[in-house]
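# A look at the structure
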Amino acid sequence: MKLWAMLPWKLCIHLSLLLVQLSLPEVAASCRILRCNSDFVAATLDLGGGGGGSVGGIDGVGRGGGPDGAALSREAVNTGYCSALRSYGMCTKRMARACRGDLAYHSAVQGIEDLLIQHRCTRVGPTAQPRPLPQGTLSGDACFYERSFLSREGRTPEYLHCGVFGDPHIRTFHDDFQTCSMQGAWPLMDNEYLYIQATSSPKRASSHGTVLTKITIIFKNVRQCVGQQLYQAELDNVPAAFADGSVSSGELQGHHILTVWTRIAGRHVEIRAAHIGTLLVVRQSGRSLGLSIRSPRDVMEAFGPDQDLQLCVWGCPPSQRFNTLRPLPPLDSSQPDDVSAHDHCATLLPAQDVYYQACVFDLITSGDLNSSTAAVSALQDARNMISEQERVHLLLVTSAEQRAQPHLTLLLLPLGMLGPLSRA
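Here's a quick rundown of the structure. In this text the structure is predicted, and so the values were computed from the model without any measurement.

Analysis parameters
- Residues numbered from 1 in each chain as written.
- Predicted model: local features only at pLDDT ≥ 70, side-chain atom pairs only at ≥ 80, totals over all residues.
- Heavy atoms only, no water.
- Pairing = 2+ DSSP bridges.
- Helix = DSSP H or I, 4+ residues; strand = E, 2+ residues; numbered from the N terminus.
- Contact = heavy atoms within 4.5 Å.
- Axes fitted to C-alpha atoms, helices over the stretch in contact; angles between N-to-C directions.
- Salt bridge = Lys/Arg side-chain N within 4 Å of Asp/Glu carboxyl O.
- Buried < 20%, exposed > 50% of the residue type's maximum accessible area, 1.4 Å probe, protein only.
- Polar contact = N/O pair within 3.5 Å; in protein donor to acceptor, adjacent residues only side chain to side chain.
- Phe/Tyr/Trp six-rings, centres within 6.5 Å; stacked < 30°, edge-to-face > 60°.
- Disulfide = S-S within 2.5 Å.
- Expected span 1.5 Å × (residues − 1).

## Structural notes on the sheet that holds strand β14 (residues 288-296)
What the 9 strands build is an open sheet, ordered β10-β11-β12-β13-β14-β3-β4-β5-β15; its pairing is antiparallel. Each having just a single partner strand, β10 (248-252) and β15 (321-322) make up the two edges of the open sheet. Bridging between strand β4 (residues 169-171) and strand β5 (residues 177-180) involves 3 bridges; their strand directions are antiparallel. Within β5, the residue paired with R171 across the bridge is F177. Across the face of the sheet, helix α11 (residues 354-366) comes into contact with β3 (159-165), β4, β5 and β15 while running at roughly 170° to β4.

If you want it as structure tokens, here you go:
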């Protein structure tokens with residue numbers, strides 16, 4: 001106290017303000033626990049759900065395969081998972097000072113401790129390698145897909161569209177339309193550039209249907225263009241940024257390679273990936289999420305024979321499909337009747353196509369008038385993403401004929417695929 005009293009009063013004021021500032025976590029350093037979360041998801045991408053848990057709200061993703069698509073043994077998965085957990089723990093320790101008042105940080109720390117014990121991981125050992133950063137010098141049009149394709153081919157790319165919405169309903173890249181009864185996490189795309197996973201949950205105890213409640217999008221590292229980036233949306237939480245808090249990633253010639261654009265705060269975002277010419281639209285409509293994708297054909301087809309489970313490419317398994325023309329009503333008696341459901345959807349949708357049938361299906365199975373907005377939004381995205389407007393209004397009978405004559409590639413799927421599908 002005597003020393004403090006001997007200091008000039010102006011210096012005392014400056015020191016007091018400095019002590020107050022240092023006591024604030026956001027001033028000492030920004031809390032970047034989301035970056036730790038993102039790195040953990042990236043490190044466990046190729047391990048699938050082998051970890052059997054989640055940390056800080058981040059669920060395990062992937063399909064249980066290695067980088068080359070080969071299946072990993074249980075021991076290899078657990079070893080990799082332990083390495084990722086130790087790396088995650090080191091990241092949180094670096095954030096300890098900046099994040100001491102952050103609830104997400106403390107949740108992650110506790111989750112890591114629980115999972116280290118659960119999987120019998122040692123506290124000391126190898127850690128997961130950090131995700132690689134873009135290498136080389138960015139130049140030319142290599143990171144701008146449309147420019148590069150036009151220069152190379154002398155024409156514009158062929159774009160394909162996939163939409164997932166409502167119960168969920170899927171319009172595949174091949175214009176097949178299906179309604180799926182799937183629950184849990186399923187991959188929509190899994191190729192050289194993108195991994196997209198959708199999670200479905202039951203609508204409610206009195207309903208037969210499911211809805212999309214979580215969407216995970218991972219842009220893979222592409223040399224010279226952009227590093228790996230993660231975006232996650234959940235019901236009632238459609239973020240305006242990637243998981244690390246940024247709204248853009250990679251910059252060349254004054255343009256960002258990856259960008260997140262907010263259209264309606266908390267409800268509707270667009271993600272543009274210039275290096276692969278891809279547009280993704282994430283929406284919440286009523287009590288479900290929806291995803292629309294516009295991607296060039298050669299980007300969509302950039303996958304190997306082991307990446308055979310992609311709902312946007314192959315559709316959902318036959319055992320997981322509903323008959324859209326025969327929706328099951330809720331178990332309670334409060335649902336609208338068939339006539340009123342058709343009338344309501346007819347006022348919202350201009351044609352009796354797959355979107356109209358999806359609207360009726362969702363309305364009857366849920367009994368919720370707001371569920372009809374999912375089909376309306378999906379149709380709007382299809383109009384924006386499909387250049388040939390005559391292809392927008394896909395008829396259900398056409399879709400059924402396409403299912404009867406599947407693409408030749410479907411015939412080449414290994415029988416081993418049936419095991420994972422039946423367990424999913």
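Structure's up, so let's keep going.
## Re the pattern of salt bridges
In a structure, side chains of opposite charge can pair up when their charged atoms sit close to one another. Counted under the stated rule, the structure contains 12 salt bridges. Where R123 meets E113, a salt bridge forms, and the shortest distance between an N and an O atom there is 3.0 Å. With R123 in the loop between α6 (103-118) and α7 (145-153) and E113 in helix α6, the pair connects residues that are 10 residues apart, well separated along the chain. Overall, the relative accessible area of 32% leaves E113 in the partly exposed class. A salt bridge links E270 to R272; the nearest nitrogen and oxygen atoms lie 3.2 Å apart. The buried category is assigned to E270, whose relative accessible area is 13%. Through salt bridges with shared partners, a single ionic network connects R171, D175, E388 and R391.

## Comments concerning the side chain of S295
Looking at the secondary structure, you find S295 in strand β14. On the basis of relative accessible area, S295 is assigned to the buried category, the value being 0%. Only 3.0 Å separates the side chain of S295 from the side chain of T278, close enough to count as a polar contact. If we ignore the near neighbours within four places in the chain, the residues touching S295 are E158, Y159, L160, G277, T278 and M300.

## What about the sheet that holds strand β6 (residues 184-190)?
Strand order in the open sheet formed by 4 strands is β6-β7-β8-β9, and the pairing between neighbours is antiparallel. At either margin of the open sheet sits one strand with a lone partner, and together these are β6 and β9 (229-234). Between one strand axis and the next, the sheet turns through 20° on average, direction left out of account.

## Observations regarding the pairing of β3
Counting buried residues in β3 gives 7 out of 7 residues, a clear majority hidden from the surface. Where β3 lies against β4, 3 bridges are found, and the strand directions are antiparallel. Residue pairing across strands places F165 opposite H169, the latter belonging to β4.

## Quick look at the packing of aromatic side chains
Enumeration according to the criterion identifies 6 aromatic pairs in this entry. When the centroid spacing of 5.8 Å and the interplanar angle of 25° are considered together, the rings of Y145 and F149 count as stacked. One end of the pair, Y145, and the other, F149, are both in helix α7, 4 residues apart, so they sit about a helical turn from each other. For Y145, a relative accessible area of 9% gives the class buried. Look at F149 and you get buried, because its relative accessible area is 6%. Ring centres of F165 and Y355 lie 5.8 Å apart, and the angle between their planes is 25°; on these two criteria the pair is classed as stacked. Of this pair, F165 sits in strand β3 while Y355 sits in helix α11; the two residues are 190 residues apart in sequence, bridging distant segments of the chain.

## Topic: unusual backbone geometry
Cis geometry marks the peptide bond from D167 to P168, where omega comes out at 15°. Of note, P168 is situated in the loop between β3 and β4. Within the chain, R120 stands out as a residue other than glycine whose phi angle is a positive 55°. Position of R120 relative to the elements: it lies in the loop between α6 and α7. Residue R120 is classed as exposed on the basis of its relative accessible area of 77%.

## Topic: the state of the cysteines
In the structure shown here, the tally under the stated rule is 5 disulfides. With its sulfur 2.0 Å from that of its partner, C82 forms a disulfide with C121. Taking the torsion about the sulfur-sulfur bond, which here is approximately -70°, the covalent link between C82 and C121 counts as left-handed. Residue C82 is found in helix α5 (residues 74-94), and its partner C121 is found in the loop between α6 and α7; the two are separated by 39 residues along the sequence. For the pair C82 and C121, a shared accessibility class is recorded, and that class is buried.

## What to know about α5
Look at α5: 30 Å from first C-alpha to last across 21 residues, which is about the 30 Å you get at 1.5 Å a residue. Residues V77, Y81, C82, S83, A84, L85, R86, S87, Y88, G89, C91 and T92 constitute the buried set of α5.

## Quick look at the pairing of strand β12 (residues 268-273)
Among the 6 residues in β12, 5 count as buried, and that is most of the element. Here 6 bridges tie strand β11 (residues 255-264) to β12, and the two strands are oriented antiparallel to one another. Bridge pairing links W261 to E270 in β12. Connecting β11 to the antiparallel partner β12 that follows it, the hairpin turn spans 3 residues, and G266 within it adopts a positive phi of roughly 75°. Examined bridge by bridge, β12 and strand β13 (residues 278-285) share 6 bridges and lie antiparallel to one another.

## Quick look at the side chain of H275
On the secondary structure map, H275 appears in the loop between β12 and β13. Residues in contact with H275, not counting those within four places in the same chain, are C143, Y145, V222, C225, V226, I257 and L258.

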